[in-house]
Amino acid sequence: MADDLHLFALRGEPADAGPAAALAELAEGSNAAAARLEPGDDPRALLPWIGTLRLIEIGFPKFRDGRGYSQAQILREMGFAGELRAVGDINPDQLQFLLRVGFDSVAADAPLDPALVSRTLARYAHVYMGAADGRAPAFTERGRAAG
Amino acid sequence: MYQYDAIDQAIVDARVAEFREQVERRLAGTLSEDDFKPLRLMNGLYLQLHAYMLRVAVPYGTLSSVQLRMLAHIARRYDRGYGHFTTRQNIQYNWIKLEECPDLLADLARVEMHAFQTSGNCIRNISSDQFAGAAADELADPRPYAELLRQWSTLHPEFSFLPRKFKIAVIASETDRAAIQLHDIGLQLRRGEDGALGFRVYVGGGMGRTPVIAKVVREWLPMADYLSYMDAILRVYNRHGRRDNIYKARIKILVNDLGIEAFAAEAEAEWAHLKPLGRDAPEAELARIIAQFKAPALVAEAEALDLSEPDFALWLARNTHAHKVPGHRIVTISLKPVGGIPGDASAEQMELVAELADKFSHSEIRVTHSQNLVLADVRSADLKALWQALAAAGLGSANIDRASDVIACPGLDYCTLANARSIPVAQEIAARLAPVEAELGELKIKVSGCINGCGHHHAGHIGVLGVDRKGAENYQLLLGGSGAEDASLAKILGPGFDADGIVSAVENVTKAYLALRSDPSERFLDTWRRLGADPFKEAVYGG
Amino acid sequence: MPHLLTCNRLETGEVLWWTGEGWNTDIRAAAALEKADAEALIAQLAPAERVNDLAAIEAEANGGGWRPLTTRERVRASGPSVRPDLALVGFPTNGI
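Residues numbered from 1 in each chain as written. Chains lettered and ligands numbered in written order. Predicted model: local features only at pLDDT ≥ 70, side-chain atom pairs only at ≥ 80, totals over all residues.

Caption draft 1: Representation of the overall build of chain B in the model. A tally of regular secondary structure across chain B gives 17 helices and 20 strands. What you see for chain B is a C-alpha radius of gyration of 23 Å, in line with the 24 Å of a compact globule of 543 residues. C-alpha extents for chain B along the principal axes are approximately 60 × 55 × 55 Å. When burial is assessed residue by residue, chain B has 59% of its 543 residues classed as buried. Restricting the contact set of chain B to residue pairs at least 6 apart, pairs at least 24 apart contribute 67%. (Helix = DSSP H or I, 4+ residues; strand = E, 2+ residues; numbered from the N terminus. Rg over C-alpha atoms; globule rule 2.2 N^0.38 Å. Buried ≥ 20, exposed ≤ 12 C-beta atoms within 10 Å, placed from the backbone. Contact = placed C-beta atoms within 7 Å.)

Caption draft 2: Here's a closer look at helix 17 (residues 534-541) of chain B. Residues and elements named next belong to chain B. For helix 17, the set of buried residues is Phe-536, Ala-539 and Val-540. Buried positions in helix 17, seen along its axis, are confined to an arc of 90° and lie on one side of it. Residues of helix 17 that are exposed and angled more than 90 degrees away from the buried face: Asp-534 and Glu-538. Contacts from the buried residues of helix 17 go to strand 19 (472-479) and helix 15 (499-516). With its phi angle positive at about 80°, Gly-542 sits one or two positions after the end of helix 17. (Arc of directions from axis to C-beta.)

Caption draft 3: Fine view of the pairing of strand 2 (residues 52-56) of chain B. All names here are of chain B. Across the five residues that make up strand 2, a large majority, five, are buried. Bridge count for strand 1 (residues 45-47) against strand 2 is three bridges, and the pairing is antiparallel. Bridge assignment links Tyr-46 to a residue of strand 2, and that residue is Met-53. As consecutive antiparallel partners, strand 1 and strand 2 are separated by four residues. Summarising the sheet, strand 2 and strand 5 (residues 91-96) pair through four bridges and their orientation is antiparallel. Across the sheet, the residue bridging to Val-56 is Ile-91, located in strand 5. (Pairing = 2+ DSSP bridges.)

Caption draft 4: Highlighting the interface of chain B and chain A. If you look at the interface, chain B gives 32 residues, while chain A gives 26 residues. Secondary-structure elements contributing two or more residues to the side of chain B that touches chain A are helix 1 (6-28), helix 2 (33-41), helix 5 (143-153), helix 6 (226-240) and helix 9 (283-292) of chain B. Broken down by element, the residue count for the side of chain B that touches chain A peaks at six residues, all from helix 1 of chain B. Of the residues assigned to the side of chain B that touches chain A, the class counts are 15 nonpolar, eight polar and nine charged. (Nonpolar A, V, L, I, M, F, W, Y, C, P; charged D, E, K, R; others polar.)

Caption draft 5: Focus on the pairing of strand 15 (residues 373-379) of chain B. All names here are of chain B. The buried count for strand 15 comes to six of seven residues, which makes it a mostly enclosed element. Where strand 12 (residues 328-333) and strand 15 come together, five bridges link them in antiparallel fashion. Each residue of the ladder has a partner; that of Thr-332, found in strand 15, is Val-374. Across two bridges, the pairing between strand 14 (residues 364-367) and strand 15 is antiparallel. Of the residues in strand 15, the one forming a bridge with Val-367 is Leu-373. Between strand 14 and strand 15, which pair antiparallel and follow one another directly, the connecting turn spans five residues, one of which, Gln-371, has a positive phi of 70°.

Caption draft 6: The packing of helix 1 of chain B against helix 4 (residues 101-109) of chain B, seen in detail. Residues and elements named next belong to chain B. With their axes 9 Å apart at the nearest point, helix 1 and helix 4 run at an angle of 175° to one another. Taken together, helix 1 and helix 4 sit at an angle that is classed as roughly antiparallel. Counting all contacts with helix 1, which are made through Val-12, Asp-13, Val-16, Phe-19, Arg-20 and Val-23, the residues of helix 4 involved are Cys-101, Pro-102, Leu-105, Ala-106 and Ala-109. A per-class count over the contact of helix 1 with helix 4 returns nine nonpolar, no polar and two charged. (Axes fitted to C-alpha atoms, helices over the stretch in contact; angles between N-to-C directions. Parallel < 35°, antiparallel > 145°, perpendicular 65-115°, else oblique.)

Caption draft 7: Layout of the environment of Lys-215 of chain B. Residue and element names in this part refer to chain B. Here Lys-215 is to be found in strand 10 (residues 215-222). The partly exposed category is assigned to Lys-215, around which 19 C-beta atoms lie within 10 Å. The spatial distance from the C-alpha of Lys-215 to the C-alpha of Gln-48 is 35 Å, given a sequence separation of 167 residues. Apart from residues lying up to four places away in sequence, Lys-215 is in contact with Tyr-202, Val-203, Gly-204, Val-255 and Ile-260.

Caption draft 8: Region of the structure containing the arrangement of the chains. Across the two pairs of chains that are in contact, the largest number of contacts falls between chains A and B. At the level of C-alpha atoms, the two units chain A and chain C stay apart, their nearest approach being 19 Å.

Caption draft 9: Quick look at the interface of chain C and chain B. Counting from both sides, the interface comprises 19 residues of chain C and, opposite them, 20 residues of chain B. Elements supplying a minimum of two residues to the side of chain C that touches chain B: strand 4 (51-62) and helix 2 (71-78) of chain C. For the side of chain C that touches chain B, the leading source of residues is helix 2 of chain C, giving four residues.

Caption draft 10: Spotlight on the sheet that holds strand 1 (residues 6-9) of chain A. Residue and element names in this part refer to chain A. The strand order across the open sheet formed by six strands is 1-6-5-4-3-2, and the pairing between neighbours is mixed. Here the strands that pair on one side only, and so sit at the sheet edges, are strand 1 and strand 2 (20-22). Ignoring which end each strand starts from, the neighbouring axes of this sheet average 25° apart. Relative to strand 5 (residues 83-88), strand 4 (residues 55-60) runs parallel, the two being bridged by six bridges.

Caption draft 11: Here's a closer look at the sheet that holds strand 1 (residues 3-9) of chain C. Residue and element names in this part refer to chain C. A sheet is described by the order of its strands in space; here five strands give the open sequence 3-2-1-4-5, paired in antiparallel fashion. Strand pairing shows two members of the sheet lacking a second neighbour, strand 3 (23-24) and strand 5 (65-68), which therefore form its edges. Here two bridges tie strand 2 (residues 15-18) to strand 3, and the two strands are oriented antiparallel to one another. Paired with Trp-17 across the two strands is Asn-24, which belongs to strand 3. Each of strand 1, strand 2 and strand 4 is contacted by helix 1 (residues 35-45), which is oriented at about 160° to strand 4, the strand it contacts most.

Caption draft 12: Highlighting the nonpolar core. Counting residues in each nonpolar core, the largest one holds 96 residues, and the members touching the most others are Ile-56 of chain A together with Val-203 and Ile-233 of chain B. The element best represented in this core is helix 6 of chain B, accounting for nine residues. Contacts of Val-203 of chain B, omitting those with residues within four sequence positions, involve Ile-185, Ala-214, Lys-215, Val-217, Ile-233, Ile-251 and Val-255 of chain B. (Core = buried A, V, L, I, M, F, W, Y, C linked by C-beta atoms within 7 Å.)

Here you go:
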């Protein structure tokens, strides 16, 4: 990871897994412990290494490009248990979504205000739909309350 | 109708607090306009020509009288005393101040309303049939399914940064009053072979620069799994929709590029991953929502109407629709008085409609995609009194689906995207054709001020598209569109016109229709379909 | 062709015109600028001002005031053409 990025943990401690390998490098036999996906990459191509990788970085060259959310969600659905890191143009206002689809950390182009980050992450006490973070959606909460 | 529980209220309240903080950061200068813009858009706030414009969500077009009174209050307190009902069944305010917007949203939240995702590249307000729950031809009330979609789509973490906006509509009858084939996803409630309820699913429809009629991606989708199937379609779109060109970013382009079979296969493969993950709401949740849409207890009775007053008889014929309970009617209140602005309503008119809804229609109001309002459950015995009250307030126009019931976007009078004004053209067309609209029968005229097509010109029997021609406002004439179950796309007839010229051209089309129709029961649209463009070209451009 | 500098105020969204010294909501107070000067001013003002959509627009002299060349800017100057009751005081929309 480049030194000029600002590493921020959303939960847990960020891993130091060494340089991240691109999909092509993994296919050529790299034994890196970290991989890197760009927005157009197929996350399911990482299946052979899903049990051994400790860190997967997902690139967000522009924060408006939302493909990384689906990539993260798919990796968690595949059973990836290591660290997911969003890298690039990350704004504080998207952190709640990143956390929900399974990201553990961000490496942002610009520094994030820690107070704003904690407010953002705590903002919504309820959610309407299930996602990789395992939070109970509203319909589950309602079911519990009903009985 | 649906009422919030503590969870729904907490989510809307949290959204107000979040937006308040975002506005504070913008006003303090710690958030740039570039970063703020997508955030405010996801909350329905645009910067238009004269001020900020706020688009408030009216989920599936249903409002309570309490909510409509709040919309009137907002028009008065934060705007200039009026609002504009839109083709997406929402309401827009034209004169909003950024610094007051958080307070406005807090007021809305007090009546279970919000502006979630009324703009931006995310899943927009879910639209539906304005006659839902009352129409004689429906299978079931489609709104509970739309409400579950509203919840599922609100702050969806995977689909809040899509390639482009995404619109979903739900209906429950064979007659399509919500233009589902012109949505990114259209859901039609149907019974399966075993009698169970499910959906036929359309995908890839839309208007805008490249109008496309949706294709059926699944003939039958079981009700129990419809949310995970929506997730599957959205995921295919989020991953593979084009992001290199804003004009090719809607799902319709992806569906066309892949072909519907390949797209359907991708969606099915993704659904196979998603279906076992427990994303679908349990039956109990749907039952909980359905219970809240319980139809009012109406008693069937014989209809005895005094039609001796011709104006009332005319209004009754044009503005009311069969109700499933005998002795009742669905009433459409026209927001299209000749000389008025299509879809605009003053605070006083909103309050009056709220009062009439309390008195005559179980305190519920609907917004239609034709920019009118509906009272869905009116006793026939009350129709006369209702009509008199409406007429006294300038709301008695008897013109639903007639020539003067013109749809128009705000156009260049308000909108920063527009190339030409649409309201003055709509007003002039309505004024010119109103005297002959009885003779013209059903005629849907739709005017957009730019290619984005908020005025649905592609779905107009007669469509008008405003463009910029070397710095001057210019208008193209399109014929033959329909947003109903017989969906078709209107085609450009020939060279464009200036503002006066387009009104005369539309008038000439209607004259040609009267001369060409096989008999008075043949609608303009059917004459067009039977004869094609040539006789109309001749009438408009000469031999 | 004279140029006018215009924008929308950040807090309220209202239309503003550059007078040579500051901002005014009335186009009749606008200062005419050479194109190059207008562009230089945009570069100078953009970072510091609490405004959006800062732009130089073309206008022609018209009875001691300015008439923008495009319909869009004339609508911005006076108000919606379909609501003369909301127009800038003394600035009728029928000239749009």
